[in-house]
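Each chain is listed here by its residues.
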Amino acid sequence: MSIFEDSLDHYAANNKLTDHNIYYKIIFSIVTLIINLFANSPIVPFFIFVICSALIIWRAGIPAKFYATFMSVPTGFAIITVIFMAFFFGTGQHIWNLGIFGWGITADGLNRGILILFKVLGGVSSLAFLILTTPVNRVFTVFNDLHIPPEFTDLAILMYRYIFLFLDVVSTMYNSQKTRLGYNSYMSWMHCLAQLAGQVFIRTWEQGEISYKALASRGYNGRLNMIGTGESIHDISLKEWVLLIVFEILVIYFIYVTGSINVVPYLIPV
């Protein structure tokens, strides 16, 4: 079974920062994410990534192996982006030429790709701080205070619930196919994948009908009621506000100081 099915909610509900003020964690994550987007050098996003990772692993107590697995998917996509940016989206002289169709790596493309890579790491780690330290039901209770339409909140709750349910269904069906020698050749892989997609679609449709009947039998009137935690933004202490403001000001200052520093130097035309 995937760690995301088995452990994400567990770690979110059982870490050293679970009971910390939800508003403080939301403000920290969102503000840090927004500031990360304005960085023109990979130095600041890398700094954000290191700080957020340290908070998640050492302050919250999330296992490093689980966190690394959590970050592996966005990191993998970001690395692919680096490769494409290096070959196809740069201008200027090639620092490495493939000798095929004029393809090659440019310093401009490589620097753009590296910047995107570290922005992804910084942004995802800042959101991971919220996701991995806060049970999702507490996040949904904040939606009411933000006056988000209840339809969106209910839809988000149901989507979150059934994402993990159907991941479990997919995992069970995939393992069943593997035990019957599925995916052992290209044609078998295509056939099993088509069957898996079809069965998941049918299960999704059936589960939707069952879920609606289950909700209706329990008095569902178009609104999912949630019990609030009683937390407030006013519960954040002065010390916490000072630490948050100082940290964000330092990050903004580092963005100003580092400017557009690149990892790969540009070639100077001779």
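Scroll up a little and you will see the structure.
Residues numbered from 1 in each chain as written. Predicted model: local features only at pLDDT ≥ 70, side-chain atom pairs only at ≥ 80, totals over all residues. Heavy atoms only, no water.

Describing a nonpolar patch on the surface
So, step 1. Among the surface-exposed residues, Val73, Phe77, Ile79, Ile80, Ile83, Phe84, Phe88 and Phe89 lie close enough to one another that they form a single nonpolar patch of about 800 Å² accessible area.
So, step 2. Mapped onto the secondary structure, Phe88 falls in helix 5 (residues 64-88). (Patch = residues over 30% accessible without salt bridge, like charges linked within 9 Å, V, L, I, M, F, W, Y side chains within 5 Å. Areas by Shrake-Rupley, 256 points an atom, 1.4 Å probe, with all protein chains shown as cover. Salt bridge = Lys/Arg side-chain N within 4 Å of Asp/Glu carboxyl O. Helix = DSSP H or I, 4+ residues; strand = E, 2+ residues; numbered from the N terminus.)

Thoughts on the nonpolar core
So, step 1. Judged by nonpolar contacts, the single largest core of 42 residues is most densely connected at Ile22, Ile56, Ile62, Tyr67 and Leu132.
So, step 2. Elements with a minimum of two residues in this core: helix 2 (8-13), helix 3 (22-37), helix 4 (43-59), helix 5, helix 6 (107-133), helix 7 (136-145) and helix 10 (238-258).
So, step 3. Looking at which element gives the most residues to this core, the answer is helix 6, with nine residues.
So, step 4. Once you skip the residues sitting within four places of it in the chain, Ile22 turns out to touch Leu130, Thr134, Arg138, Val139, Val142 and Glu231.
So, step 5. Formed by seven residues, the second largest nonpolar core is a distinct cluster that contains Val169, Met173, Tyr183 and Leu196. (Core = buried A, V, L, I, M, F, W, Y, C linked by side-chain atoms within 4.5 Å. Buried < 20%, exposed > 50% of the residue type's maximum accessible area, 1.4 Å probe, protein only. Contact = heavy atoms within 4.5 Å.)

What to know about the packing of helix 3 against helix 10
So, step 1. With their axes 11 Å apart at the nearest point, helix 3 and helix 10 run at an angle of 10 degrees to one another. Of the possible angle classes, the one that applies to helix 3 and helix 10 is roughly parallel. Here Tyr24, Ile27, Phe28, Val31, Thr32 and Ile35 of helix 3 come into contact with helix 10, specifically with Glu240, Trp241, Leu243, Leu244, Phe247, Glu248, Val251, Ile252 and Ile255.
So, step 2. Split by residue class, the contact of helix 3 with helix 10 holds 12 nonpolar, one polar and two charged. (Axes fitted to C-alpha atoms, helices over the stretch in contact; angles between N-to-C directions. Parallel < 35°, antiparallel > 145°, perpendicular 65-115°, else oblique. Nonpolar A, V, L, I, M, F, W, Y, C, P; charged D, E, K, R; others polar.)

A few points about the side chain of Thr153
So, step 1. You can see Thr153 is positioned in helix 8 (residues 150-179).
So, step 2. On the basis of relative accessible area, Thr153 is assigned to the buried category, the value being 4%.
So, step 3. In this view, Thr153 contacts Phe140, Phe143 and Ile148; residues no more than four positions away in its chain are not counted.

Worth remembering: the numbers are spatial, not functional.
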